[in-house]
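Chain and residue survey
Residue strings, one per chain:
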Amino acid sequence: MRTASKSFPDPNPSGGKSRIRHEIFKSFPWGARGREYREPFLGGGWVALGWLERCGPLYPPARMWVNDRDPFITHLWHVIQTSPDALCAAVRQHVPSVARYAAARRRHATDRPPEPGAITAALDRLILQKQSRGGMGSQAGSPIGGWDQTGEYAINCRWNPEVLCGEIEMAHQALTRQTTLITALDFTACLEGSGAIVYLDPPYVKAGVGLYTYAFAESDHRRLAAALRRCRHDWILSYDNHPLVHELYDGWAQLRPITVRHGGEKKKMGHELVITP
């Protein structure tokens, strides 16, 4: 259920994503509100933010630990948590252009993680998310409208500073309501210990390298399944409905299939799985 475009806070998903989140929350155990919450594959955080909204100010998680292997994603979340005003100022000052998009893409392609607190790196991530074809970020390659801007839509068609700043402020308030740890570690770190609610949304099996900067090899999918067999937390896992997923989880976990409409068109139906112990 995770797409490469989910690299920015999405507190109010619509359409297929809203249905997916509803199905995920149906699988959370009774009494989950107020317990520690962990999410090893954070992406755009649309489940984490939705869960915080459901918990409300009266029942916030005792602690929150969100993680993503992509350091550029977690850097954006760090900046939202600690420096929302500075990020919003940069968003409002930014004028979309092909040259600025190309610069963001070059910096994002490096293996060096961003400097802590760097506003430019956080803005780069937003630029790649909002100004790339299909919202695919660095995986898309070219910006909306193409490098020569002769396409049907221009590079600035999805850049709305006031909407972005509203989402940044909402996410900041949610992250600071309780103690929130943000890391860029291997997913196994979040599965240590016991007693938490853990939601996992790993990379698709079928899409693989085409969607994710940090894609999973088959060995990673197998490693995740083995880790969840040993896991002492209450966990909820979402996946694409793929034969490898059935091989790894049939017989010892509960697999609940759901059908989701993607792209706002009825002809585009996706088949997903929500998996619990």
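Here, the structure is the one placed above.
From a predicted model like this one, the values you see are computed outputs, not experimental measurements.

**Observations regarding the overall build of the protein**
In terms of helices and strands, the protein carries 9 helices and 7 strands. When burial is assessed residue by residue, the protein has 55% of its 277 residues classed as buried. Put simply, of all contacts in the protein between residues at least 6 apart along the chain, 74% involve residues at least 24 apart. Within the structure as shown, the protein displays about 12,700 Å² of accessible surface, and the carbon and sulfur contribution to it stands at 51%.

**What about helix α3 (residues 71-82)?**
Taking 1.5 Å of rise per residue, 12 residues should cover 16 Å, and α3 covers 16 Å from first to last C-alpha, within 8% of that figure. Buried residues dominate α3, accounting for 10 of its 12 residues. Within the span of α3, buried status applies to P71, F72, I73, T74, H75, L76, W77, V79, I80 and Q81. With a side-chain oxygen lying 2.9 Å from the backbone nitrogen of F72, the N-terminal cap of α3 falls on D70.

**Considering the packing of aromatic side chains**
Tallied over the full model, the rule gives 11 aromatic pairs. Here the aromatic rings of F41 and F216 are separated by 5.7 Å at their centres, their planes lie at 75 degrees, and the arrangement is edge-to-face. With a gap of 175 residues between them, F41 in the loop between β1 (37-39) and α2 (46-55) and F216 in the loop between β4 (194-200) and α8 (218-230) connect regions that are remote in the sequence. In this pair, the class of F41 matches that of F216, namely buried. Aromatic rings pair up to connect F25, F28, Y37 and W51 into one cluster.

**A look at the pattern of salt bridges**
Considering all chains together, one arrives at 13 salt bridges under this definition. Its salt-bridge partner being K26, residue E23 comes within 3.4 Å of it at the nearest N-O pair. Taken as a pair, E23 and K26 lie in helix α1 (residues 15-26) at a separation of 3 residues, close to a single helical turn. Residue E23 is classed as buried on the basis of its relative accessible area, which comes to 6%. In this structure, R222 and E247 form a salt bridge, with 2.8 Å as the shortest nitrogen-oxygen distance. Of this pair, R222 sits in helix α8 while E247 is found in helix α9 (residues 243-249), placing the two residues 25 residues apart along the sequence. For R222, a relative accessible area of 33% puts it in the partly exposed group.

**Some remarks on the pairing of strand β5 (residues 232-240)**
Taking burial as the measure, the 9 residues of β5 include 7 buried ones, the bulk of the element. Relative to β5, β4 runs parallel, the two being bridged by 5 bridges. For Y199, the partnering residue across the bridge sits in β5 and is I236.

**Let's talk about the environment of V95**
Structurally, V95 can be placed in the loop between α4 (84-93) and α5 (98-108). For V95, a relative accessible area of 63% corresponds to the exposed category. C-alpha of V95 to C-alpha of W159: the two residues are 64 residues apart in sequence and 9.1 Å apart in space.

**Some details on helix α6 (residues 119-131)**
With 13 residues, α6 ought to run about 18 Å at 1.5 Å a step, and its terminal C-alpha atoms sit 18 Å apart, in line with that. Here α6 lies mainly inside the structure; 11 of its 13 residues are buried. Turning to α6, its buried residues number three or more, namely A121, A122, L123, D124, R125, L126, I127, L128, Q129, K130 and Q131. For α6, the secondary structure elements touched by its buried residues are α3, α4, α5 and α7 (161-175).

**Thoughts on the side chain of Q81**
Relative to the helices and strands, Q81 resides in helix α3. Accessibility expressed as a relative area gives 16% for Q81, which makes it buried. Only 3.1 Å separates the side chain of Q81 from the backbone oxygen of T180, close enough to count as a polar contact. Beyond its immediate chain neighbours, meaning those up to four positions away, Q81 contacts H172, L175, T176, T180 and I182.

**A look at the packing of α4 against α7**
The description of two helices packed together rests on the angle between their axes and the distance between the axes. Packing of α4 against α7 leaves a shortest axis separation of 9 Å and a crossing angle of 170 degrees. The orientation of α4 relative to α7 falls into the category roughly antiparallel. Residues P84, L87, C88, V91 and R92 of α4 form the contact with α7, whose participating residues are P161, E162, L164, C165, I168, E169 and H172. Partitioning the contact of α4 with α7 into residue classes produces 8 nonpolar, 1 polar and 3 charged.

Parameters and conventions
- Residues numbered from 1 in each chain as written.
- Predicted model: local features only at pLDDT ≥ 70, side-chain atom pairs only at ≥ 80, totals over all residues.
- Heavy atoms only, no water.
- Helix = DSSP H or I, 4+ residues; strand = E, 2+ residues; numbered from the N terminus.
- Buried < 20%, exposed > 50% of the residue type's maximum accessible area, 1.4 Å probe, protein only.
- Contact = heavy atoms within 4.5 Å.
- Areas by Shrake-Rupley, 256 points an atom, 1.4 Å probe, with all protein chains shown as cover.
- Expected span 1.5 Å × (residues − 1).
- Polar contact = N/O pair within 3.5 Å; in protein donor to acceptor, adjacent residues only side chain to side chain.
- Phe/Tyr/Trp six-rings, centres within 6.5 Å; stacked < 30°, edge-to-face > 60°.
- Salt bridge = Lys/Arg side-chain N within 4 Å of Asp/Glu carboxyl O.
- Pairing = 2+ DSSP bridges.
- Axes fitted to C-alpha atoms, helices over the stretch in contact; angles between N-to-C directions.
- Parallel < 35°, antiparallel > 145°, perpendicular 65-115°, else oblique.
- Nonpolar A, V, L, I, M, F, W, Y, C, P; charged D, E, K, R; others polar.

Purely spatial values, then, with no claim about function.
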